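Read off the chains here:
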Amino acid sequence: MANVTEGQARPRIRHNDYSPLVPPPVGEWVPALPASVVIPAHGRQHRLDLTLAALAAQTYPASLTEVIVVDDGSDPPLRLPEIRPANTRIVSSPAGGWGAGHAMNAGIEAADGEIVQRLDADMVICREHLEALFRWHHLTDYLVTIGGKKFAEEPDLTPEQVYDAVRHGTPASLFDPAALVSSSTEETIRRLDGLRTSRNPYQVCTGPTVSLRRTLLREVRGFDPEVVRGQDTEFAYRLAQAGAVFVPDMTARAVHLGLPAQRGAHGKAIVRLVETHLAQKVPLRRDLRKERGRRRLVPYVEIVLDTTGAEEALIRATVDAILGAQAGLTDIAVTLVGPWPELSDRASRMPGSREFDLALVLETFRHDQRVRFAGEAAPTAAPTPFRYTSPIDAPPAADALERMTRAMLEERLGLLVVELSDGRTATLERTEAVARARLLARPGEEPAAVIEATHGVRHAAEKEFRTTPRRQPEQPASPAKSPASQPRQSAAPQHDTAAEKPGASQRTGAQQGGAVASGSANRQGGRRLGGLFRRS
């Protein structure tokens, strides 16, 4: 089985349907990738001993495997038991933080493997567990594999018993089948055809057995140490925004020692803590963001506006119109693209100059956390799930963004090209689709063509989504027309007149999507923007 290398094309997977990938049968292939199993642990030495005993009996080659136990402040400190994989070591979680995410980052930093497996310190895994998950990573490098698990009260077991049972392929003999508790995530996986039809597969990636390639780890920069509960879901959400595909493999069986924390005495409190973290950092959980006026750490939509050639009054009025809307989405951020890094400290001392106008804009919004300044837009909006790019004098209507994002979620689109009434276009990108397009696009290939293949592209008239007037900025009294405010014909191919009727829309093929990417949807005032249309 050939490995994915820098020169190989990655397979194109639509949404989360990984059906085109066919892994080799367990035991009938030759592994090649080194792997690191990272185990965050705090106390409970005996459970760790049982976990390491099961790891010592794995079918994935020991010569390709290292195990790193991260001691997250245990008292007394954890020790390595006699029965353990040959290449096992303990590292201490660094000062300045605590929790599984903080410990995982320490373990990842110490790890050498191309594959990284996150494993809880209270898991008894079957002997094929690692092999079953790792075989997928030999097919391509943007997968997240998820192992199966059931829960059980911890029986009276010794490491020797666990090692022998796992090595002989009979770990089920260690537990009373009638006492095993099924995981709700496994039920979800079965209902959604192994997550192939899931709209939000990251939601079942809750630990405690997950593996991925370093390609994805580098992209998302590890776990968020600030999230002390729900860190696996938040981590998986960012992996989804990086374009990852989630593959559960129920061949990788395991038993979690102890029942779910949600069933304990403080279960409701734990759920509330998890939801508090997710409300701040996972915008797709709209059910957790019902308070419309509250600010969140990660916005739902980033609105990108190019300020090239626009006057200070127009910029300020546009931003005020967007942020001051009383209807529609409120958890949004505005990115103003312009030569901000080039502004000198003396710009505000030069009235009448372009630099002076920009200095006024910078001073007006620099303390508003919803407004960002950038020399160019980032390649994607991650971790924000949507990005809307429009001419600066054509901000979206008050409720249009909400309707657009809802349409994209319902239709599972990756790119919506919005045709404005004056012939120009705006675009609404789905971050996960853009990120995957950047992974998959061949040299010279337009990202929109890839998005058509992996998620879908649609063209639609703006009025399809507008029920209230556009957030029209108040123009200066006697403005000189700037390049950004000049109506300009779209470079995209013209469509049938039916597409211009109220409620009408049209899907495009890959060729049309590519035309959009090279047309006016990605340029404001002659300046090429980042995001979907920037390759790096």
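Residues numbered from 1 in each chain as written. Predicted model: local features only at pLDDT ≥ 70, side-chain atom pairs only at ≥ 80, totals over all residues. Heavy atoms only, no water.

Draft legend 1. Representation of the side chain of Asp232. Following the sequence through the fold, Asp232 ends up in helix α7 (residues 231–241). The contacts of Asp232, once residues within four sequence positions are left out, are Arg118, Cys205, Thr206, Gly207 and Phe223. (Helix = DSSP H or I, 4+ residues; strand = E, 2+ residues; numbered from the N terminus. Contact = heavy atoms within 4.5 Å.)

Draft legend 2. Fine view of the nonpolar core. Ranked by internal contacts, the top residues of the largest apolar core, which has 97 residues, are Val144, Leu239, Phe246, Val301, Leu336 and Tyr388. Residue contacts for Tyr388: discarding those within four places in its chain leaves Val301, Glu302, Ile303, Val304, Pro396, Leu401, Met404, Val418, Ala426, Thr427 and Leu428. Within the second largest apolar cluster, 40 residues are counted, among which are Ala54, Ile115, Ala252 and Ala254. (Core = buried A, V, L, I, M, F, W, Y, C linked by side-chain atoms within 4.5 Å. Buried < 20%, exposed > 50% of the residue type's maximum accessible area, 1.4 Å probe, protein only.)

Draft legend 3. The sheet that holds strand β8 (residues 181–182), seen in detail. Taken together, the 4 strands give an open sheet; going across it, the order is β5-β11-β7-β8, and neighbouring strands pair in mixed fashion. Only two strands of the sheet have a single partner each, and these edge strands are β5 (123–125) and β8. One ladder, built from 2 bridges, connects strand β7 (residues 150–152) with β8; its direction is antiparallel. Of the residues in β8, the one forming a bridge with Lys150 is Ser182. The strands touched by helix α1 (residues 45–55) within the sheet are β5 and β11 (254–257), with β5 carrying the most contacts at an inclination of about 15°. (Pairing = 2+ DSSP bridges. Axes fitted to C-alpha atoms, helices over the stretch in contact; angles between N-to-C directions.)

Draft legend 4. Examining the packing of aromatic side chains more closely. All chains considered together, the criterion is met by 7 aromatic pairs. Note on Tyr202 and Tyr237: the rings are 5.6 Å apart at their centroids and 70° apart in plane angle, and the pair reads as edge-to-face. Of this pair, Tyr202 sits in the loop between α5 (184–191) and β9 (209–213) while Tyr237 sits in helix α7, and the two are 35 residues apart along the sequence. Classification of Tyr202 as buried rests on a relative accessible area of 2%. On the accessibility criterion, Tyr237 (0% relative accessible area) is buried. For the pair Phe223 and Phe235, a centre-to-centre distance of 3.9 Å together with 15° between the ring planes defines the contact as stacked. Here Phe235 lies in helix α7 and Phe223 lies in the loop between α6 (214–220) and α7, a separation of 12 residues in the sequence. Ring pairing ties together the aromatic residues Trp29, Tyr60 and Phe134, which thus form one cluster. The side chain of Arg286 reaches across the aromatic face of Tyr300, ending 3.7 Å from its centre. (Phe/Tyr/Trp six-rings, centres within 6.5 Å; stacked < 30°, edge-to-face > 60°. Lys NZ or Arg CZ within 6 Å of the ring centre and 35° of its normal.)

Draft legend 5. Representation of helix α2 (residues 100–110) in the model. Considered for burial, the residues of α2 that qualify are Gly101, His102, Ala103, Met104, Ala106, Gly107 and Ile108. Contacts from the buried residues of α2 go to β1 (35–41), β2 (65–71), β4 (115–119), α6 and α7.

Draft legend 6. Region of the structure containing empty space enclosed by the protein. Taken as a whole and assessed by the stated rule, the structure comprises 3 cavities of 30 Å³ or more. Taken as a whole, the largest cavity holds about 50 Å³ of empty space. In terms of lining, the largest cavity is formed by Ile146, Gly147, Gly148, Lys149, Thr185, Glu186, Ile189, Val204, Gly207, Pro208, Thr209 and Met250. Elements represented by at least two residues in the lining of the largest cavity include exactly β6 (143–147) and α5. Counting residues per element, the lining of the largest cavity draws most heavily on α5, at 3 residues. Looking at side-chain class alone, the lining of the largest cavity contains 5 nonpolar, 5 polar and 2 charged residues. Looking at the second largest cavity, its volume works out to about 40 Å³. Lining of the second largest cavity is provided by Arg118, Cys205, Gly207, Val210, Phe223, Asp232 and Phe235. Grouping the amino acids of the lining of the second largest cavity by side-chain chemistry returns 4 nonpolar, 1 polar and 2 charged. (1 Å grid on protein atoms, 1.4 Å probe; cavity = no way out; pocket = protein on both sides within 12 Å on 5 of 7 lines; lining within 4 Å. Points joined across faces, edges and corners; volume = space filled by probe spheres on them. Nonpolar A, V, L, I, M, F, W, Y, C, P; charged D, E, K, R; others polar.)

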